[in-house]
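Structural overview for review
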Amino acid sequence: MPDVTLTTLQGLKQKGEKIAMLTCYDAIFAKTASEAGVEMLLIGDSLGMVLQGHDSTLPVTVTEMAYHTACVKRGNRGAMIVADLPFMANATTEQTLNNSAVLMQAGAHMIKLEGAAWLAESISLLAERGIPVCAHLGLTPQAVNLFGGYKVQGRQDAQAQKLLADAKALEQAGAAMLLLECVPSELAARITQAVAIPVIGIGAGSATDGQVLVLHDMLGLSLTGRSPKFVKNFMQEHGDVASAIAGYVKAVKAVEFPAAEHGFSA
Ligand code: KIV
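A short tour of the structure in this document, coming up. Because the structure is predicted, anything quoted here is derived from the model rather than measured.

**Notes on unusual backbone geometry**
F257 connects to P258 through a cis peptide bond whose omega is 0 degrees. The backbone of M88 sits at a positive phi, close to 65 degrees, despite the residue not being glycine. With respect to the element layout, M88 can be found in the loop between β3 (80–84) and α5 (93–106). Even without glycine at this site, V255 takes up a positive phi of about 55 degrees. With respect to the helices and strands, V255 occurs in the segment after α11 (241–253).

The following block contains the structure:
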């Protein structure tokens with residue numbers, strides 16, 4: 001069990017203290033980030049774009065996710081480890097259970113699934129079997145082809161109502177945490193108020209219970225040279241990696257990051 005548990009995260013939400021999460025794919029960054037105070041390390045399938053150089057997350061496999069999860073586990077110093085089920089690894093409930101088992105046995109403490117209310121059955125099955133789940137809503141990059149690009153979600157009223165209903169349904173199904181990506185800040189605030197479980201945001205404003213960024217983005221490392229609006233480069237004001245990560249944690253806790261300029265309006 002990690003030092004940071006679900007109870008820790010629940011306590012932070014209740015106290016109103018923000019949760020700091022970063023993606024992480026290997027042992028040395030796991031050590032650096034967990035020692036710098038990052039509470040949750042996410043082995044995101046973003047590794048397909050960041051480490052492997054693909055133009056989407058779709059090519060990433062469960063075997064690759066398990067390899068990186070095991071690497072992070074070896075370097076981690078007490079953070080909670082969350083691993084993504086990659087594209088189509090949760091197409092059926094049987095696949096969801098089997099693939100989640102692979103990632104938990106590789107070292108994850110929680111599994112993250114992209115989707116919407118249709119995830120409810122899988123989330124219930126996982127929770128019944130002792131696997132905490134984070135449900136990823138809003139811009140779910142595995143559905144980029146359906147969305148027609150990496151676009152802000154929930155701007156129209158009907159879409160916003162659906163996201164709010166999905167969040168409540170997934171909490172009801174047994175989700176331990178929600179992650180909202182690229183949704184208007186005001187909607188993210190409403191969802192965070194409406195559920196009792198911690199809500200982590202990326203491109204979702206400062207009112208969520210915590211923040212996540214892709215590690216390489218916040219270190220200013222990019223294959224394309226472009227950076228999403230919701231990213232802040234912490235290397236610019238902190239000269240080295242450990243200080244940049246510590247600066248991120250401090251800024252999240254102080255609610256200085258994200259600033260208004262990093263969010264989206266409806
Ligand atoms: O894969 C990933 O890194 C993610 C984050 C962007 C939240 O899902």
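**A word on the nonpolar core**
By size, the foremost hydrophobic cluster in this structure holds 86 residues, and its most contacted members are M40, I123, L178, L213, M218 and Y248. Among residues more than four places away in sequence, those in contact with M40 are L9, I19, A20, M21, L22, A79, M80, V82, M110 and M177.

**What to know about helix α6 (residues 120–128)**
Think of an α-helix as turning once every 3.6 residues; residues three or four places apart then point the same way. For α6, the full list of buried residues reads S122, I123, L125 and L126. Down the axis of α6, the buried side of the element spans an arc of 165 degrees, and every buried residue falls inside it. Opposite its buried face, α6 presents the exposed residues E121 and E128, each directed more than 90 degrees away. Against the buried residues of α6 lie α5, β4 (110–114), β5 (133–138) and α8 (157–173).

**Some details on the packing of aromatic side chains**
Per the counting criterion, the structure on display carries three aromatic pairs. Geometrically, the ring pair formed by F234 and F257 is edge-to-face, given 5.5 Å between the ring centres and 80 degrees between the ring planes. Of this pair, F234 sits in the loop between α10 (215–218) and α11 while F257 sits in the segment after α11, placing them 23 residues apart in sequence. Judged by its relative accessible area of 1%, F234 is buried. Linked through ring pairs, F234, Y248 and F257 together constitute an aromatic cluster.

**Topic: the environment of L215**
In this fold, L215 is placed in helix α10. By relative accessible area, which is 2% here, L215 ends up buried. Once the C-alpha coordinates of L215 and I245 are considered, the two residues, 30 residues apart in sequence, prove to be 8.6 Å apart. Apart from the residues within four sequence positions on either side, L215 is in contact with L22, T23, F29 and I245.

Thresholds applied
- Residues numbered from 1 in each chain as written.
- Predicted model: local features only at pLDDT ≥ 70, side-chain atom pairs only at ≥ 80, totals over all residues.
- Heavy atoms only, no water.
- Helix = DSSP H or I, 4+ residues; strand = E, 2+ residues; numbered from the N terminus.
- Core = buried A, V, L, I, M, F, W, Y, C linked by side-chain atoms within 4.5 Å.
- Buried < 20%, exposed > 50% of the residue type's maximum accessible area, 1.4 Å probe, protein only.
- Contact = heavy atoms within 4.5 Å.
- Arc of directions from axis to C-beta.
- Phe/Tyr/Trp six-rings, centres within 6.5 Å; stacked < 30°, edge-to-face > 60°.

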